[in-house]
There are 2 protein chains.
Amino acid sequence: MRFLIPLISSAVSSAHNRITSRFLNALPTVPPFLNCRPLSMAASEESLRKALAEKLSAVEAHGNAVRALKAAKASKPEIDAAIEALNNLKLEKSSIEKQLQAAVSGGDGDGALSREAFRQAAVNTLERRLFYIPSFKIYRGVAGLYDYGPPGCAVKSNVLAFWRQHFVLEENMLEVDCPCVTPEVVLKASGHVEKFTDLMVKDEKTGTCYRADHLLKDFCNDKLQKDLTISAEKAAELKHVLATLDDLSPEALGAKIEEYGITAPDTKNPLSDPYPFNLMFQTSIGPSGVSPGYMRPETAQGIFVNFKDLYYYNGNKLPFAAAQIGQAFRNEISPRQGLLRVREFTLAEIEHFVDPEDKSHPKYSEVAGLEFLMFPREEQMSGQSAKKICLGDAVSKGIVNNETLGYFIGRVYLFLTRLGIDKDRLRFRQHLANEMAHYAADCWDAEIESSYGWVECVGIADRSAYDLRAHSEKSGVPLVAAEKFSEPREVEKLVIAPVKKELGLAFKGNQKNVVEALEAMNEKEALEMKAALESKGEVEFYVCTLGKNVPIKKNMVSISKEKKKEHQRVFTPSVIEPSFGIGRIIYCLFEHSFYTRPSKAGDEQLNVFRFPPLVAPIKCTVFPLVQNQQYEDVAKVISKSLTAAGISHKIDITGTSIGKRYARTDELGVPFAITVDSTKDVTIRERDSKLQVRVSVEEAALVVKSVTDGLRTWEDVWEKFPHHASGSADD
Amino acid sequence: MRFLIPLISSAVSSAHNRITSRFLNALPTVPPFLNCRPLSMAASEESLRKALAEKLSAVEAHGNAVRALKAAKASKPEIDAAIEALNNLKLEKSSIEKQLQAAVSGGDGDGALSREAFRQAAVNTLERRLFYIPSFKIYRGVAGLYDYGPPGCAVKSNVLAFWRQHFVLEENMLEVDCPCVTPEVVLKASGHVEKFTDLMVKDEKTGTCYRADHLLKDFCNDKLQKDLTISAEKAAELKHVLATLDDLSPEALGAKIEEYGITAPDTKNPLSDPYPFNLMFQTSIGPSGVSPGYMRPETAQGIFVNFKDLYYYNGNKLPFAAAQIGQAFRNEISPRQGLLRVREFTLAEIEHFVDPEDKSHPKYSEVAGLEFLMFPREEQMSGQSAKKICLGDAVSKGIVNNETLGYFIGRVYLFLTRLGIDKDRLRFRQHLANEMAHYAADCWDAEIESSYGWVECVGIADRSAYDLRAHSEKSGVPLVAAEKFSEPREVEKLVIAPVKKELGLAFKGNQKNVVEALEAMNEKEALEMKAALESKGEVEFYVCTLGKNVPIKKNMVSISKEKKKEHQRVFTPSVIEPSFGIGRIIYCLFEHSFYTRPSKAGDEQLNVFRFPPLVAPIKCTVFPLVQNQQYEDVAKVISKSLTAAGISHKIDITGTSIGKRYARTDELGVPFAITVDSTKDVTIRERDSKLQVRVSVEEAALVVKSVTDGLRTWEDVWEKFPHHASGSADD
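Residues numbered from 1 in each chain as written. Chains lettered and ligands numbered in written order. Predicted model: local features only at pLDDT ≥ 70, side-chain atom pairs only at ≥ 80, totals over all residues. Heavy atoms only, no water.

Identification of chain A as glycine--tRNA ligase from Hibiscus trionum is taken from an unreviewed UniProt entry. In its Sequence similarities (unreviewed entry) section, the UniProt entry covering chain A states "Belongs to the class-II aminoacyl-tRNA synthetase family." One UniProt comment on chain A, placed under Subunit (unreviewed entry), says "Homodimer." (UniProt positions renumbered as here; feature names shortened; annotations may be inferred.)

Here you go:
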């Protein structure tokens, strides 16, 4: 019965940032004070601003002095000397400006620029080769919606297949598949209807909408990066605003916007006050118009509402994990940052249910020895950078809250690096106390560095019992687990027994609310009431569902502590939730895999994606060296044996030069090319090294298969087979 | 320019049924006159109704005669003889009633009942073992939304993986992945905004909504099946209504509802007139509220709008196919029939683009020899049933419009039967002329027989150039292909050259509309205008975008036929579209795979799903015969080798009896069980035959893998390995 008491509002009352940050909101950059830059850098920025301010006054003073000398018709040598001194000062000033520019743009002066250029090159290749396409392009598209074209779709399906193998099959997880259309009641229970919002401002004349925090953020960043004349104090203030952006109330945000005179970027019109906009796509289920629904903002709720059935399916045993891959939706106010901030995306989520009293994991030892970049709370607060830590140490020192959470951090690390994410640009960042929901035990984000900065791609949170409790309360269905005792145990239990007859006489139709409120008292409240009833005979009692106090008399409730034999312990399981933003992982993988190298003639830069075979959209291409029936027949034989081996491949029988054909497949990240230049032996070329070996026609498919399946490496192949002696056509 | 003329409304003006039937609407039963029952059955029903009517009058007349005899105090023998004759008549009457009951309920009197009982048994097992779960069950669910639980989700992912292999990889299709959220303009172009509707009626007092055609259909079926006293003429009328249900206008449907006195089923309140309800879930994209969007009702549009890029990706060559797997949505008025009629479902769609002048297919010969149940238009119209036809004959005789369409029909047949669909309960039904859109060249549905009747599961349509033209016109982007000629060809072409200056002077701001309308004239219209201008100097010309006639003078347009050299032929490709309702296929597969058999003791019926290994949710279970550390260790060794072989499996080390453990896995459709009863050899048991062979521990995983991969059959295994001699535990 206590499940009916609406605890939800208090439970999520301060959950604005938690709910949004849980859904991959707070990225892609963490506030500046959390950046990896060492403290000394920040200090040097401050001293540079001071030095620049001093230099500027010196230049001004000296300029005045020069003008005074001129006015006073001083001697030419005297004036010349003064001018030279002024010029030196100006040189010093611009040197400081340059240093400051470098300091504010992330450590290296050309860094931002080169990141931008790198991204442009990668994105051009991705769009030209249809890895992705802005959706509905012929209708001028819709911001925040993208299609995966053929190679992108193949990469995505490889990533998902590997996810399924690495998590679902490996751990015997219970995979489910729930609809996107979700009735309102479910998302009220989860807190999304109330709290899944961003603050928005409107152009007061045109009605164009903007995310309030984005405008303020852009203003601060712009000022910091482009206006080198601001004082060190002003710079510190702007940085403080950036650091606390996510915690600002609508009023505080509005006040800052007004204080800084921020206007609509496109029109310079004044802006409205900030107000919350719910980020769920709303719709209506059925024809009546009275059943509101939403497109799910995450897949997790579909698992929570099925907990009871899944627990039963698992033989009423804990721990177990359920998993789901599917679309989720987020009606962004004004999406930007390409594939990183979209309105529809694929999530892969795991809900691992455990006994809160035992968060050990049987396979923990398999990952405890891993060492990788971690960024614990304390290092962030003290301005240090992420550092290599052994996972086992982090768990044993209590930096990571428990073994199961540690286990999943390790498994996520293995998953991402096997996909091809660069381990030096991957870090696990712990949520700060103020980022985390009050109910969460611990939370770590896998962040991947891209040209946009550090991007949150996987969130791994110990959410304790919050979600199951919320749905128990809203639905009235207890979502609990039980531990059977081998021997019954004696426990002392608080028993609250409302006397329904008396309560009915006193409160008529409100009886039920009063009964529920009485039963929902915690031990302390109940014992206080007991004492008060015994001394005074009557107490005032606040019933939140009625919104008022009611008088409770001694005959209306009996409160006692009783000894009971219990045969089992009933509890709400904790949930540990690794949640993967698949599109973000894929975009970062694209960036980490992309590089350019000069063509053989040196006259152009060729694009390459160094995808591992696991994720490459096509594993192999087959080229007859020249157009020739015999070679084409051999190519077809090889193609058939590749199909039989289950290797996705493509034949290219165009007469294009072999170098061009290699370049075309390098751009798609195809790891191997088989070139047919005889009817007996063929060459296999590896994409990144461009090395080639000679293999018989019969063996070709099996060699490729053994490498793509990970049974041997290219190095093994290179050692075993004769090398193709003549310089290959493309290098 | 002609692309801007809004031809869309005329193009889909009669498309109501086409658009809905395209999206798997008209199922699961075809109108009664299309049923397989031979003509003689229908005739016997009519004669039985007549015989029953005669017998009823005879009984009444004879009853009166008996009463008259009694009143006249006739002799006892006389009265007794009359009563006996009356009783005989009554017996004859009930015999005819029984025959009629049997005739109207589908050929066998207990058929409907046993189908219902079969479905109940299958559905009970499916829900109990979590193959699927009504979504949001703890909140009392939402009609038409279902989750796939763990085994259902595994079956679904196996079906989709096989679909990808059988279609996408085998044919080198270009797979794409587009968002569900779709802006209005796209669905206006496709005709969905205007025409994707069902007719709805409302309970005039409570506002509850019903599908108008369902109410009328239920009324007619009920009357036909339960009221045996209606005349043969009335029965024929009701059958005609059922047969023409899909073609009824809102007015005609409303008139029938009134004529038959149909009221709201739940309340018996009067109903509103029927009116169209759009079946798309509507939402709003972005925060402004001015960008309406819908959840896509099919995945196809995402492919059409990308045609230009995909054609380029394919080297500007035809034919090629694009494919997409994804969620689609349909806001049903009142969903029923479980998994067959849902509000969100997975579609897998192929759009195969071909030159309309060449619809041959290079791999057609691979399927031309297949023979299976086909139900051509003519057989349906003449009341015959589906019959086995050789696909090659159907194509060569022109029953199937072209080779490519035939090729896909054959491939769909192979796909469905390999999944485990019973080939005797699968038929390909051709659309009747009145079911098909006017632009479609031909259309066949793969229908699977289930307990609900024949269910449309795959639609295979030659949609000609309709979709690409619709988007070309709406977007202004030409979605065309070109065939380059090896030699330039001379062609005579109509040239319409509006004189913009004169038109500008005459029509000012409307000039553009007039120019476009002139350019959009077809050859006949243009030549008529040319003649009229030459004879009269001026004509009235209707401009649809202005909604009025304007006067066109001779100096405003030049119309001529010119000879031109052309280097290429530019045309809009035809599209052949196989569209798969994955959820429906899976549900039918569940029914076709389900059977029960008595337990060993004969005291209960055990449930079995005879899934082929390809789709089975788990391929193998591993059981230690008794709880014993040695056996458990062997089980773990086997489990490791199964994992290495990529075989999904489960260990069951509970102490439950082996018979119960077999029954549990049979119910999940697990094809093989490995029972560990020694440390050297183990038994492998096949699910349906319950036969067991002895295999060494080392070989066990490989034997299972070879059968699940289809490299050998169970029969091969049975021949090769020693049989398990002792009667197995479960039979």
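From this point, the discussion proceeds with the structure in view.
Novice: Go over the overall build of chain A, please, and point to the residues and values.
Specialist: For chain A, the helix and strand inventory stands at 26 helices and 28 strands. Overall, the C-alpha framework of chain A stretches about 100 × 95 × 55 Å when taken along its three principal axes. Here chain A holds 731 residues, and 54% of them are scored as buried. Pairs at least 24 residues apart make up 70% of the contacts formed inside chain A by residues separated by at least 6 positions. For chain A, the accessible area works out to roughly 31500 Å², and carbon and sulfur atoms hold 52% of it. For chain A, the distance from the average position of its 93 positive side-chain charges to the average position of its 98 negative side-chain charges is 2 Å. (Helix = DSSP H or I, 4+ residues; strand = E, 2+ residues; numbered from the N terminus. Buried < 20%, exposed > 50% of the residue type's maximum accessible area, 1.4 Å probe, protein only. Contact = heavy atoms within 4.5 Å. Areas by Shrake-Rupley, 256 points an atom, 1.4 Å probe, with all protein chains shown as cover. Lys, Arg positive; Asp, Glu negative; His and termini not counted. Charge placed at Lys NZ, Arg CZ, Asp CG, Glu CD.)

Novice: Outline the interface of chain A and chain B, supporting the account with residue identities and numerical values.
Specialist: Across the contact, 67 residues belong to chain A and 68 residues belong to chain B. Interface of chain A and chain B: buried area, both sides summed, is about 5700 Å²; carbon and sulfur atoms make up 66% of it. At the surface where chain A touches chain B, the tally comes to four salt bridges. Two residues, Asp177(A) and Lys156(B), come together in a salt bridge whose shortest N-O distance is 2.4 Å. Between the two partners, chain A and chain B, sit 20 residue pairs in polar contact (both at pLDDT 80 or more). Ranked by residues supplied to the side of chain A that touches chain B, first place goes to helix H6 (residues 150–169) of chain A with seven residues. (Buried area = accessible area lost by both parts, 1.4 Å probe. Salt bridge = Lys/Arg side-chain N within 4 Å of Asp/Glu carboxyl O. Polar contact = N/O pair within 3.5 Å; in protein donor to acceptor, adjacent residues only side chain to side chain.)

Novice: Would you mind going over the sheet that holds strand S24 (residues 620–624) of chain A in detail, with residue names and values included?
Specialist: Residue and element names in this part refer to chain A. Taken in spatial order, the five strands line up as S25-S24-S26-S27-S28 in an open sheet, and their pairing is mixed. Strand pairing shows two members of the sheet lacking a second neighbour, strand S25 (649–651) and strand S28 (692–696), which therefore form its edges. Here the strands of the sheet are splayed against their neighbours by 25° on average, with no regard to which way each runs. When strand S26 (residues 672–676) meets strand S27 (residues 681–686), the two strands line up antiparallel, connected through five bridges. Paired with Val676 across the strands is Val682, a residue of S27. Along the sheet, helix H23 (residues 629–644) contacts S24, S25, S26 and S27; its crossing angle with S24, the most-contacted strand, is approximately 165°. (Pairing = 2+ DSSP bridges. Axes fitted to C-alpha atoms, helices over the stretch in contact; angles between N-to-C directions.)

Novice: Quick one: what's the story with the UniProt feature "domain: Aminoacyl-transfer RNA synthetases class-II family profile" (unreviewed entry) in chain A, residue by residue and with numbers?
Specialist: Residues annotated in UniProt with the feature "domain: Aminoacyl-transfer RNA synthetases class-II family profile" (unreviewed entry) correspond here to residues 120–598 of chain A. From the first C-alpha to the last, residues 120–598 of chain A spans 18 Å; its make-up is 36% helix and 30% strand.

Novice: Describe in detail the packing of aromatic side chains, supporting the description with residues and values.
Specialist: This structure, assessed with the given rule, holds 58 aromatic pairs over all chains. Linked through ring pairs, Phe118(A), Phe131(A), Phe590(A), Phe594(A), Phe609(A) and Phe611(A) together constitute an aromatic cluster. Between Arg119(B) and the ring centre of Tyr452(B), over which it is positioned, the NZ or CZ distance is 3.7 Å. (Phe/Tyr/Trp six-rings, centres within 6.5 Å; stacked < 30°, edge-to-face > 60°. Lys NZ or Arg CZ within 6 Å of the ring centre and 35° of its normal.)

Novice: Give me the lowdown on helix H10 (residues 232–243) of chain B, citing residues and values where you can.
Specialist: An ideal rise of 1.5 Å per residue puts 16 Å on 12 residues; H10(B) measures up with 16 Å between its terminal C-alpha atoms. Those residues of H10(B) lying buried are Ala232(B), Ala235(B), Leu238(B), Val241(B) and Leu242(B). (Expected span 1.5 Å × (residues − 1).)

Novice: So what's going on with the sheet that holds strand S8 (residues 282–284) of chain A? Residues and values would help.
Specialist: Adjacent strands of a sheet form backbone hydrogen bonds with each other and so pair up, either parallel or antiparallel. All names here are of chain A. The antiparallel open sheet is built from three strands, whose spatial order is S4-S9-S8. Strands with a single pairing partner mark the edges of an open sheet, and in this sheet they are strand S4 (181–183) and S8. Each neighbouring strand pair of the sheet contributes to a mean axis angle of 40°, computed without reference to strand direction. Taken together, the three bridges between S4 and strand S9 (residues 292–295) define a ladder with antiparallel strand orientation.

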